[in-house]
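So you can see what is in the structure, the chains are spelled out below.
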Amino acid sequence: MPPQVFRLILLTVAIVGSYVIARQLLTPPSFRQYGFYRGEALAEHASHTPVFAGRKACLECHEDIQKKLFKDAHKTIGCETCHGPSSAHCADPDSAAKKPDKKNTTACLRCHEANPSRPVTQKQINVKNHYSSQKCAECHMPHQPNEVP
Amino acid sequence: MKNTFSRRGLLTTLGAAAAGVLSFAAARKAKAAIKTVFVRTNAPKDYNPYDHKWLMCFDVDKCIGCGLCVDACKKENHVPEGPTYFRNWIERYIIKKPKPGSDAARGEVIVDSPNGGRDGFPPTTIPREEILKSFFVPKLCNLCEHSPCTQVCPVGATFDSPDGAVLVDPNYCIGCGFCIQACPYGCRFLNPETKTAEKCTLCYHRITRGLKPACVEICPTEARIFGDLKHPVENDPIQNFIQKNKVNSLKPHLGTDPRVLYANLDKEVR
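Just so it is clear, the structure is predicted and the values come from calculations on it, not from any experiment.

Peer 1: Mind showing me how you'd approach the nonpolar core here?
Peer 2: Across soluble globular proteins, nonpolar side chains have a tendency to be buried as a group. If you look at the biggest cluster of nonpolar residues, it comprises 55 residues, and the most contacted ones within it are B:M56, B:L202 and B:Y204. Where this core is concerned, the elements lending two or more residues are α2 (40-46) of chain A together with β1 (54-59), α2 (68-77), β2 (89-96), β4 (131-139), α5 (204-207), α6 (214-218) and β11 (260-263) of chain B. In contact with B:M56, not counting residues within four places along its chain, are B:L140, B:L202, B:C215, B:V216, B:R224, B:I225, B:F226, B:R259, B:V260 and B:L261. Within the second largest apolar cluster, eight residues are counted, among which are B:C149, B:V168, B:C173 and B:C179.

Shown next, in the form of C-alpha coordinates:
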(Lines give C-alpha, C1' and ligand atoms only; values in the text may rest on other atoms or scores of the structure.)
Protein backbone atom coordinates (compact mmCIF):
# COMPACT_ATOMS: atom_id res chain seq x y z
CA MET A 1 0.00 0.00 0.00
CA PRO A 2 1.42 3.44 -0.87
CA PRO A 3 2.18 5.35 2.37
CA GLN A 4 -0.06 8.33 1.47
CA VAL A 5 -3.11 6.06 1.21
CA PHE A 6 -2.25 4.54 4.57
CA ARG A 7 -1.98 8.01 6.13
CA LEU A 8 -5.29 9.00 4.55
CA ILE A 9 -6.95 5.97 6.13
CA LEU A 10 -5.33 6.76 9.47
CA LEU A 11 -6.53 10.37 9.27
CA THR A 12 -10.09 9.29 8.41
CA VAL A 13 -10.15 6.85 11.31
CA ALA A 14 -8.84 9.58 13.65
CA ILE A 15 -11.48 12.10 12.52
CA VAL A 16 -14.36 9.63 12.68
CA GLY A 17 -13.10 8.32 16.00
CA SER A 18 -12.88 11.75 17.59
CA TYR A 19 -16.38 12.53 16.28
CA VAL A 20 -17.74 9.34 17.88
CA ILE A 21 -16.03 10.10 21.17
CA ALA A 22 -17.19 13.73 21.19
CA ARG A 23 -20.74 12.60 20.43
CA GLN A 24 -20.64 10.11 23.29
CA LEU A 25 -19.50 12.81 25.68
CA LEU A 26 -21.83 15.57 24.55
CA THR A 27 -25.11 13.66 24.09
CA PRO A 28 -27.18 13.71 27.28
CA PRO A 29 -27.67 10.18 28.65
CA SER A 30 -31.45 10.16 28.32
CA PHE A 31 -31.42 11.44 24.72
CA ARG A 32 -33.51 9.19 22.42
CA GLN A 33 -35.16 7.49 25.38
CA TYR A 34 -38.54 8.51 23.92
CA GLY A 35 -37.53 10.33 20.75
CA PHE A 36 -35.14 12.92 19.39
CA TYR A 37 -34.94 14.87 22.67
CA ARG A 38 -33.77 14.59 26.26
CA GLY A 39 -36.08 12.07 27.93
CA GLU A 40 -35.32 13.48 31.36
CA ALA A 41 -37.10 16.70 30.39
CA LEU A 42 -40.38 14.82 30.87
CA ALA A 43 -39.49 13.93 34.47
CA GLU A 44 -38.37 17.50 35.08
CA HIS A 45 -41.71 18.87 33.91
CA ALA A 46 -43.49 16.27 36.04
CA SER A 47 -41.53 17.09 39.19
CA HIS A 48 -43.07 20.54 39.82
CA THR A 49 -45.36 20.71 42.83
CA PRO A 50 -49.07 21.28 42.17
CA VAL A 51 -50.54 24.46 43.63
CA PHE A 52 -54.21 23.54 43.27
CA ALA A 53 -55.14 20.41 45.20
CA GLY A 54 -57.99 19.27 42.95
CA ARG A 55 -61.68 18.68 43.57
CA LYS A 56 -61.33 15.27 45.19
CA ALA A 57 -58.87 16.51 47.82
CA CYS A 58 -61.38 18.63 49.79
CA LEU A 59 -63.89 15.78 49.95
CA GLU A 60 -61.75 13.90 52.45
CA CYS A 61 -62.34 16.41 55.28
CA HIS A 62 -65.17 18.68 54.09
CA GLU A 63 -67.73 16.17 52.87
CA ASP A 64 -70.58 18.07 54.55
CA ILE A 65 -69.92 21.21 52.51
CA GLN A 66 -69.44 19.23 49.33
CA LYS A 67 -72.85 17.61 49.88
CA LYS A 68 -74.47 21.01 50.34
CA LEU A 69 -72.75 22.32 47.23
CA PHE A 70 -73.91 19.39 45.09
CA LYS A 71 -77.53 19.96 46.08
CA ASP A 72 -77.73 23.43 44.57
CA ALA A 73 -76.93 25.46 41.47
CA HIS A 74 -73.24 25.83 42.24
CA LYS A 75 -72.63 22.09 41.90
CA THR A 76 -70.37 22.42 38.86
CA ILE A 77 -67.99 24.80 40.65
CA GLY A 78 -64.91 23.43 42.41
CA CYS A 79 -64.02 24.57 45.92
CA GLU A 80 -60.79 26.17 44.77
CA THR A 81 -62.56 28.27 42.15
CA CYS A 82 -63.82 30.48 44.99
CA HIS A 83 -61.32 29.62 47.73
CA GLY A 84 -58.14 29.84 45.66
CA PRO A 85 -55.23 27.40 45.56
CA SER A 86 -55.31 25.26 48.69
CA SER A 87 -52.81 22.42 48.36
CA ALA A 88 -50.83 23.82 51.32
CA HIS A 89 -53.99 23.65 53.47
CA CYS A 90 -54.68 20.08 52.32
CA ALA A 91 -51.21 18.91 53.33
CA ASP A 92 -51.48 20.70 56.66
CA PRO A 93 -55.03 21.67 57.77
CA ASP A 94 -53.62 23.94 60.46
CA SER A 95 -52.37 26.32 57.80
CA ALA A 96 -55.30 28.59 57.15
CA ALA A 97 -57.33 28.11 53.99
CA LYS A 98 -58.49 31.27 52.30
CA LYS A 99 -62.04 32.15 53.27
CA PRO A 100 -63.46 34.56 50.69
CA ASP A 101 -64.86 37.73 52.16
CA LYS A 102 -68.63 37.38 52.09
CA LYS A 103 -69.03 41.13 51.79
CA ASN A 104 -67.15 41.01 48.51
CA THR A 105 -69.70 41.30 45.72
CA THR A 106 -67.17 41.53 42.87
CA ALA A 107 -66.37 37.82 43.28
CA CYS A 108 -70.00 36.95 42.54
CA LEU A 109 -70.32 39.53 39.79
CA ARG A 110 -67.35 38.11 37.92
CA CYS A 111 -69.64 35.25 36.95
CA HIS A 112 -73.09 36.82 37.26
CA GLU A 113 -72.92 40.40 36.00
CA ALA A 114 -75.08 40.90 32.93
CA ASN A 115 -72.87 40.76 29.83
CA PRO A 116 -74.13 40.30 26.28
CA SER A 117 -71.21 37.95 25.51
CA ARG A 118 -72.29 35.39 28.13
CA PRO A 119 -74.37 32.41 27.06
CA VAL A 120 -78.06 32.87 27.84
CA THR A 121 -78.04 29.76 30.02
CA GLN A 122 -75.90 31.58 32.59
CA LYS A 123 -78.06 33.37 35.18
CA GLN A 124 -77.15 37.04 35.07
CA ILE A 125 -78.24 40.04 37.05
CA ASN A 126 -78.32 43.69 36.28
CA VAL A 127 -76.34 45.10 39.21
CA LYS A 128 -78.31 48.33 39.47
CA ASN A 129 -81.69 46.61 39.55
CA HIS A 130 -80.83 43.68 41.79
CA TYR A 131 -81.02 44.88 45.43
CA SER A 132 -77.91 47.00 44.90
CA SER A 133 -77.96 48.43 48.43
CA GLN A 134 -77.30 45.02 50.02
CA LYS A 135 -74.52 42.44 49.78
CA CYS A 136 -75.12 39.23 47.85
CA ALA A 137 -74.43 37.01 50.87
CA GLU A 138 -77.32 38.56 52.80
CA CYS A 139 -79.77 36.77 50.53
CA HIS A 140 -77.74 33.98 48.92
CA MET A 141 -75.57 31.41 50.73
CA PRO A 142 -72.39 31.05 48.68
CA HIS A 143 -72.51 27.25 48.87
CA GLN A 144 -76.25 27.06 48.24
CA PRO A 145 -77.13 30.17 46.24
CA ASN A 146 -80.85 29.47 46.20
CA GLU A 147 -81.03 29.31 50.02
CA VAL A 148 -81.48 32.36 52.20
CA PRO A 149 -79.14 32.47 55.22
CA MET B 1 19.56 10.06 20.69
CA LYS B 2 17.54 6.91 20.15
CA ASN B 3 13.90 7.39 19.20
CA THR B 4 11.82 5.71 21.97
CA PHE B 5 8.49 5.92 20.07
CA SER B 6 7.35 2.96 18.03
CA ARG B 7 4.28 2.99 15.84
CA ARG B 8 2.90 -0.08 17.63
CA GLY B 9 3.37 1.56 21.01
CA LEU B 10 1.66 4.76 19.91
CA LEU B 11 -1.33 2.89 18.41
CA THR B 12 -1.74 0.81 21.57
CA THR B 13 -1.74 3.94 23.74
CA LEU B 14 -4.27 5.66 21.44
CA GLY B 15 -6.52 2.58 21.46
CA ALA B 16 -6.37 2.38 25.26
CA ALA B 17 -7.22 6.08 25.55
CA ALA B 18 -10.23 5.66 23.25
CA ALA B 19 -11.43 2.62 25.22
CA GLY B 20 -11.02 4.59 28.44
CA VAL B 21 -13.07 7.51 27.16
CA LEU B 22 -15.80 5.18 25.88
CA SER B 23 -16.04 3.30 29.16
CA PHE B 24 -16.13 6.66 31.00
CA ALA B 25 -19.16 7.61 28.91
CA ALA B 26 -20.83 4.28 29.76
CA ALA B 27 -20.18 4.84 33.46
CA ARG B 28 -21.64 8.32 33.17
CA LYS B 29 -24.76 6.89 31.57
CA ALA B 30 -25.22 4.37 34.38
CA LYS B 31 -24.73 7.08 36.99
CA ALA B 32 -27.30 9.28 35.29
CA ALA B 33 -29.81 6.41 35.26
CA ILE B 34 -29.41 6.01 39.00
CA LYS B 35 -29.76 9.76 39.43
CA THR B 36 -33.11 9.83 37.61
CA VAL B 37 -34.45 7.05 39.79
CA PHE B 38 -33.27 8.27 43.16
CA VAL B 39 -32.86 12.02 43.04
CA ARG B 40 -36.05 12.99 41.29
CA THR B 41 -38.25 11.68 44.06
CA ASN B 42 -40.68 14.46 43.28
CA ALA B 43 -41.62 13.11 39.88
CA PRO B 44 -44.29 10.39 39.88
CA LYS B 45 -42.43 7.19 39.05
CA ASP B 46 -45.27 4.95 37.89
CA TYR B 47 -46.22 7.21 34.98
CA ASN B 48 -45.62 5.74 31.54
CA PRO B 49 -45.97 8.31 28.74
CA TYR B 50 -46.75 5.58 26.19
CA ASP B 51 -49.78 4.52 28.17
CA HIS B 52 -51.79 7.74 27.76
CA LYS B 53 -53.13 10.02 25.05
CA TRP B 54 -54.58 13.25 26.37
CA LEU B 55 -57.32 15.25 24.69
CA MET B 56 -58.87 18.63 25.53
CA CYS B 57 -62.33 19.76 24.45
CA PHE B 58 -64.13 23.09 24.75
CA ASP B 59 -67.80 23.91 24.63
CA VAL B 60 -67.85 27.52 23.45
CA ASP B 61 -71.53 27.83 24.42
CA LYS B 62 -70.69 27.19 28.07
CA CYS B 63 -67.83 29.64 28.59
CA ILE B 64 -69.02 32.59 30.70
CA GLY B 65 -65.76 34.53 30.41
CA CYS B 66 -65.00 34.69 34.14
CA GLY B 67 -61.27 34.39 33.34
CA LEU B 68 -60.54 32.25 36.41
CA CYS B 69 -58.79 29.67 34.20
CA VAL B 70 -56.26 32.27 33.10
CA ASP B 71 -55.67 33.27 36.70
CA ALA B 72 -55.36 29.64 37.80
CA CYS B 73 -52.83 28.88 35.05
CA LYS B 74 -50.65 31.81 36.07
CA LYS B 75 -50.70 30.70 39.69
CA GLU B 76 -50.20 27.01 39.01
CA ASN B 77 -47.32 27.38 36.57
CA HIS B 78 -45.73 30.56 37.99
CA VAL B 79 -46.13 32.27 34.63
CA PRO B 80 -44.50 35.73 34.67
CA GLU B 81 -46.80 38.63 35.46
CA GLY B 82 -47.54 41.01 32.65
CA PRO B 83 -50.12 41.39 29.94
CA THR B 84 -48.25 39.48 27.22
CA TYR B 85 -47.26 36.30 29.03
CA PHE B 86 -50.04 33.74 28.87
CA ARG B 87 -50.17 29.99 28.54
CA ASN B 88 -53.91 30.17 28.09
CA TRP B 89 -56.25 33.07 27.50
CA ILE B 90 -59.83 33.96 26.61
CA GLU B 91 -60.92 35.96 23.59
CA ARG B 92 -64.19 37.84 23.32
CA TYR B 93 -65.76 37.89 19.87
CA ILE B 94 -68.36 40.53 19.11
CA ILE B 95 -70.03 40.25 15.73
CA LYS B 96 -71.93 43.41 14.81
CA LYS B 97 -75.13 43.59 12.81
CA PRO B 98 -74.57 44.37 9.13
CA LYS B 99 -74.99 47.98 8.07
CA PRO B 100 -78.60 48.72 7.13
CA GLY B 101 -79.07 48.35 3.38
CA SER B 102 -75.98 46.19 2.88
CA ASP B 103 -76.61 42.62 1.75
CA ALA B 104 -74.01 41.09 4.12
CA ALA B 105 -75.05 38.40 6.56
CA ARG B 106 -72.98 39.91 9.38
CA GLY B 107 -71.10 43.08 10.11
CA GLU B 108 -67.72 43.88 11.59
CA VAL B 109 -66.04 41.34 13.87
CA ILE B 110 -64.34 42.74 16.96
CA VAL B 111 -62.00 40.55 19.02
CA ASP B 112 -60.50 41.61 22.32
CA SER B 113 -58.81 40.02 25.30
CA PRO B 114 -58.03 42.59 28.03
CA ASN B 115 -55.13 41.18 30.09
CA GLY B 116 -55.86 37.78 28.52
CA GLY B 117 -59.23 37.82 30.26
CA ARG B 118 -57.56 37.32 33.62
CA ASP B 119 -59.62 39.98 35.37
CA GLY B 120 -62.86 38.96 33.71
CA PHE B 121 -64.54 40.97 31.00
CA PRO B 122 -66.23 44.31 31.70
CA PRO B 123 -69.44 44.72 29.68
CA THR B 124 -68.56 46.14 26.29
CA THR B 125 -69.06 49.75 25.32
CA ILE B 126 -70.73 48.67 22.06
CA PRO B 127 -74.48 49.19 22.47
CA ARG B 128 -76.50 45.99 22.68
CA GLU B 129 -78.69 46.91 19.68
CA GLU B 130 -75.65 46.85 17.39
CA ILE B 131 -74.50 43.37 18.44
CA LEU B 132 -75.62 40.48 16.29
CA LYS B 133 -74.01 37.96 18.59
CA SER B 134 -71.14 37.67 20.99
CA PHE B 135 -69.30 34.85 22.73
CA PHE B 136 -66.09 33.86 24.50
CA VAL B 137 -63.48 31.49 23.10
CA PRO B 138 -60.95 29.92 25.48
CA LYS B 139 -57.59 29.25 23.87
CA LEU B 140 -54.44 27.35 24.67
CA CYS B 141 -51.83 25.15 22.94
CA ASN B 142 -53.64 23.12 20.30
CA LEU B 143 -51.55 19.98 20.92
CA CYS B 144 -50.96 19.49 17.20
CA GLU B 145 -50.36 16.00 15.93
CA HIS B 146 -48.07 17.57 13.30
CA SER B 147 -46.76 20.49 15.30
CA PRO B 148 -45.01 23.25 13.30
CA CYS B 149 -43.22 24.50 16.42
CA THR B 150 -41.27 21.28 17.02
CA GLN B 151 -40.29 21.07 13.36
CA VAL B 152 -38.47 24.41 13.37
CA CYS B 153 -36.52 23.97 16.61
CA PRO B 154 -32.81 23.95 15.67
CA VAL B 155 -31.62 22.19 18.83
CA GLY B 156 -34.31 19.60 19.56
CA ALA B 157 -35.46 21.46 22.67
CA THR B 158 -39.17 21.25 21.91
CA PHE B 159 -40.84 17.96 21.20
CA ASP B 160 -44.07 15.96 21.06
CA SER B 161 -44.07 13.68 24.04
CA PRO B 162 -45.61 10.21 23.49
CA ASP B 163 -48.72 11.10 25.54
CA GLY B 164 -49.61 14.04 23.30
CA ALA B 165 -48.22 16.99 25.26
CA VAL B 166 -45.93 19.36 23.35
CA LEU B 167 -43.19 20.39 25.76
CA VAL B 168 -40.12 22.63 25.88
CA ASP B 169 -36.88 21.47 27.49
CA PRO B 170 -35.77 24.68 29.25
CA ASN B 171 -32.21 23.38 29.70
CA TYR B 172 -31.73 23.00 25.96
CA CYS B 173 -33.75 25.92 24.62
CA ILE B 174 -31.47 28.65 23.24
CA GLY B 175 -34.25 31.24 23.06
CA CYS B 176 -34.01 31.84 19.31
CA GLY B 177 -37.76 32.35 19.03
CA PHE B 178 -38.32 30.34 15.84
CA CYS B 179 -41.04 28.26 17.48
CA ILE B 180 -42.85 31.40 18.64
CA GLN B 181 -43.03 32.53 15.02
CA ALA B 182 -43.97 29.09 13.77
CA CYS B 183 -46.97 28.52 16.04
CA PRO B 184 -50.04 29.39 13.95
CA TYR B 185 -52.13 29.80 17.11
CA GLY B 186 -49.81 32.21 18.93
CA CYS B 187 -49.51 29.94 21.93
CA ARG B 188 -45.84 30.52 22.81
CA PHE B 189 -43.90 33.36 24.36
CA LEU B 190 -40.35 34.06 25.50
CA ASN B 191 -40.06 33.96 29.27
CA PRO B 192 -38.42 37.27 30.26
CA GLU B 193 -36.66 35.71 33.27
CA THR B 194 -35.22 32.51 31.82
CA LYS B 195 -35.10 33.77 28.19
CA THR B 196 -36.43 30.45 26.98
CA ALA B 197 -39.58 29.66 25.05
CA GLU B 198 -42.56 28.73 27.18
CA LYS B 199 -45.99 27.32 26.52
CA CYS B 200 -48.85 25.32 27.98
CA THR B 201 -47.50 22.01 29.30
CA LEU B 202 -51.01 20.63 29.85
CA CYS B 203 -49.97 20.99 33.52
CA TYR B 204 -47.65 18.02 33.03
CA HIS B 205 -46.92 17.84 36.76
CA ARG B 206 -50.65 17.48 37.44
CA ILE B 207 -51.70 15.00 34.74
CA THR B 208 -48.83 12.68 35.68
CA ARG B 209 -50.24 12.64 39.22
CA GLY B 210 -53.79 11.85 38.10
CA LEU B 211 -55.05 15.42 38.57
CA LYS B 212 -56.63 17.56 35.89
CA PRO B 213 -54.91 20.65 34.45
CA ALA B 214 -55.50 23.73 36.62
CA CYS B 215 -57.75 25.46 34.06
CA VAL B 216 -60.03 22.41 33.82
CA GLU B 217 -60.06 22.09 37.60
CA ILE B 218 -61.18 25.67 38.06
CA CYS B 219 -63.75 26.02 35.27
CA PRO B 220 -67.15 26.64 36.92
CA THR B 221 -69.33 25.60 33.97
CA GLU B 222 -67.68 22.44 32.60
CA ALA B 223 -66.81 24.31 29.41
CA ARG B 224 -63.46 22.51 29.43
CA ILE B 225 -63.34 18.75 29.23
CA PHE B 226 -60.14 16.80 29.58
CA GLY B 227 -59.47 13.09 29.36
CA ASP B 228 -57.36 10.16 28.34
CA LEU B 229 -58.21 8.40 25.09
CA LYS B 230 -56.32 5.26 26.10
CA HIS B 231 -58.16 4.81 29.40
CA PRO B 232 -61.83 5.71 28.89
CA VAL B 233 -63.63 5.72 32.23
CA GLU B 234 -67.23 4.67 32.68
CA ASN B 235 -69.55 7.23 31.04
CA ASP B 236 -66.45 8.95 29.68
CA PRO B 237 -66.91 12.74 29.39
CA ILE B 238 -64.65 12.97 26.34
CA GLN B 239 -66.47 10.23 24.41
CA ASN B 240 -69.84 11.71 25.36
CA PHE B 241 -68.72 15.15 24.27
CA ILE B 242 -67.59 13.98 20.84
CA GLN B 243 -70.71 11.88 20.40
CA LYS B 244 -73.16 14.64 21.36
CA ASN B 245 -71.52 17.62 19.67
CA LYS B 246 -70.36 18.50 16.22
CA VAL B 247 -66.74 19.23 16.94
CA ASN B 248 -64.26 21.30 15.00
CA SER B 249 -60.68 22.46 15.42
CA LEU B 250 -58.99 25.80 14.84
CA LYS B 251 -57.42 26.44 11.40
CA PRO B 252 -57.99 22.91 10.08
CA HIS B 253 -56.67 23.95 6.65
CA LEU B 254 -53.12 24.10 8.04
CA GLY B 255 -53.02 20.33 8.49
CA THR B 256 -51.70 20.57 12.03
CA ASP B 257 -54.39 18.14 13.20
CA PRO B 258 -54.95 19.65 16.67
CA ARG B 259 -55.99 17.51 19.60
CA VAL B 260 -57.92 20.43 21.09
CA LEU B 261 -61.51 20.23 19.87
CA TYR B 262 -64.20 22.90 19.99
CA ALA B 263 -67.95 22.46 19.92
CA ASN B 264 -70.23 25.23 18.65
CA LEU B 265 -67.36 27.12 17.05
CA ASP B 266 -68.31 30.06 14.85
CA LYS B 267 -66.69 30.43 11.44
CA GLU B 268 -65.21 33.80 12.42
CA VAL B 269 -63.00 32.23 15.11
CA ARG B 270 -59.39 31.89 14.03
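Resuming the write-up.
Peer 1: What's the story with the pattern of salt bridges in this structure? I'm lost.
Peer 2: Oppositely charged side chains can pair when the atoms bearing their charge come close. On inspection of all chains with the given rule, the structure shows 18 salt bridges over all chains. Here A:R38 and A:E44 are joined by a salt bridge, their closest N and O atoms 3.0 Å apart. Judged by its relative accessible area of 9%, A:R38 falls in the buried class. Residues B:R206 and B:E76 are paired through a salt bridge, measuring 3.1 Å at the closest nitrogen-oxygen approach.

Peer 1: Can you walk me through the sheet that holds β1(B) in this structure?
Peer 2: Sheet strands pair by backbone hydrogen bonding; their relative direction is either parallel or antiparallel. Residue and element names in this part refer to chain B. Read from one edge of the open sheet, four strands run β9-β1-β11-β10, paired in mixed fashion. Unpaired on one side and paired on the other, β9 (224-228) and β10 (247-248) mark the two borders of the sheet. Note that β10 and β11 share two bridges and pair antiparallel. By the bridge assignment, N248 is partnered in β11 with Y262. Sheet strands touched by helix α7 (residues 237-244): β1, β9, β10 and β11. Its angle to β1, the strand with the most contacts, is close to 50°.

Peer 1: Looking at this structure, I do not really get the sheet that holds β2(B). What am I missing?
Peer 2: All names here are of chain B. The three strands are arranged β3-β2-β4 in an open sheet whose pairing can be described as antiparallel. In the strand order of this sheet, the two ends are held by β3 (109-112) and β4, each with one partner. Recorded for the sheet is a direction-independent mean angle of 20° between the axes of neighbouring strands. Of the pairings in the sheet, the one linking β2 to β4 comprises eight bridges and is antiparallel in character. Bridged to R92 within β4 is F136.

Peer 1: How should the pairing of β2(B) be read in this particular structure?
Peer 2: Remember that side chains alternate between the two faces of the sheet whenever the strand is regular. Residue and element names in this part refer to chain B. With eight of its eight residues buried, β2 lies for the most part within the structure. Of the two faces of β2, both are covered, the one formed by W89, E91, Y93 and I95 as well as the one formed by I90, R92, I94 and K96. Across four bridges, the pairing between β2 and β3 is antiparallel. Opposite I95, over in β3, you have V109 as the bridge partner.

Peer 1: Please explain the domain arrangement of chain A as it appears in this structure.
Peer 2: The parts lose accessible area when they come together, and the size of an interface is often stated as this lost area. We note that the domain assignment places domain 1 (3-46) and domain 2 (55-138) within chain A. Taken over C-alpha atoms, the centre of domain 1 of chain A sits 56 Å from the centre of domain 2 of chain A.

Peer 1: Where do I start with the interface of chain A and chain B in this structure?
Peer 2: Contact with chain A, which involves 45 residues of that partner, is made by 68 residues of chain B. Carbon and sulfur atoms make up 62% of the surface buried where chain A meets chain B, a total of about 4600 Å² over both sides. Of all residues in chain A, A:H45, A:F52 and A:R110 bury the most surface against chain B, accounting for 15% of the area lost on that side. Applying the counting criterion to the chain A and chain B interface returns two salt bridges. A salt bridge links A:R38 to B:D169, with the nearest nitrogen and oxygen atoms 2.7 Å apart. Linking chain A with chain B are 17 residue pairs in polar contact (both at pLDDT 80 or more). Contributing elements (two or more residues each) for the side of chain A that touches chain B: α1 (3-26), α2, α5 (79-83) and α7 (105-112) of chain A. Among the elements that make up the side of chain A that touches chain B, the one with the highest residue count is α2(A) (seven residues).

Peer 1: Honestly, a nonpolar patch on the surface in this entry has me stumped. Any pointers?
Peer 2: Among the surface-exposed residues, A:M1, A:V5, A:F6, A:I9, A:L10, A:V13, B:L10, B:L11 and B:L14 lie close enough to one another that they form a single nonpolar patch of about 870 Å² accessible area. Among the elements of the structure, α1 of chain A together with α1 (7-38) of chain B are those that each provide at least two residues to the nonpolar patch. A total of five residues in the nonpolar patch trace back to one element, the largest contributor, which is α1(A). Its location among the elements puts A:V13 in helix α1.

Peer 1: Is there a simple way to explain unusual backbone geometry in this structure?
Peer 2: Working note: non-glycine residues mostly have negative phi, and peptide bonds are mostly trans. All names here are of chain B. Even without a glycine there, the phi angle at D257 is positive, about 55°. Following the sequence through the fold, D257 ends up in the loop between β10 and β11. The partly exposed category is assigned to D257, whose relative accessible area is 43%. Look at N264: it is not a glycine, yet its phi comes out positive at around 60°. Position of N264 among the secondary structure elements: in the segment after β11.

Peer 1: Looking at this model, I keep getting lost on the packing of aromatic side chains. Mind explaining?
Peer 2: Within a pair of aromatic rings, the relevant descriptors are the distance that separates the centres and the angle that separates the planes. All names here are of chain B. Following the criterion strictly, the structure yields nine aromatic pairs over all chains and no others. Ring centres of Y93 and F135 lie 5.6 Å apart, and the angle between their planes is 5°; this geometry places the pair in the stacked category. Residue Y93 is found in strand β2, and its partner F135 is found in strand β4; the two are separated by 42 residues along the sequence. Here F135 falls in the buried class, since its relative accessible area comes to 12%. Seen from the ring of F86, K74 lies directly overhead, with NZ or CZ sitting 4.5 Å from the centre.

Quick notes on the rules
- Residues numbered from 1 in each chain as written.
- Chains lettered and ligands numbered in written order.
- Predicted model: local features only at pLDDT ≥ 70, side-chain atom pairs only at ≥ 80, totals over all residues.
- Heavy atoms only, no water.
- Core = buried A, V, L, I, M, F, W, Y, C linked by side-chain atoms within 4.5 Å.
- Buried < 20%, exposed > 50% of the residue type's maximum accessible area, 1.4 Å probe, protein only.
- Helix = DSSP H or I, 4+ residues; strand = E, 2+ residues; numbered from the N terminus.
- Contact = heavy atoms within 4.5 Å.
- Salt bridge = Lys/Arg side-chain N within 4 Å of Asp/Glu carboxyl O.
- Pairing = 2+ DSSP bridges.
- Axes fitted to C-alpha atoms, helices over the stretch in contact; angles between N-to-C directions.
- Domains from an automatic or database assignment.
- Buried area = accessible area lost by both parts, 1.4 Å probe.
- Polar contact = N/O pair within 3.5 Å; in protein donor to acceptor, adjacent residues only side chain to side chain.
- Patch = residues over 30% accessible without salt bridge, like charges linked within 9 Å, V, L, I, M, F, W, Y side chains within 5 Å.
- Areas by Shrake-Rupley, 256 points an atom, 1.4 Å probe, with all protein chains shown as cover.
- Phe/Tyr/Trp six-rings, centres within 6.5 Å; stacked < 30°, edge-to-face > 60°.
- Lys NZ or Arg CZ within 6 Å of the ring centre and 35° of its normal.

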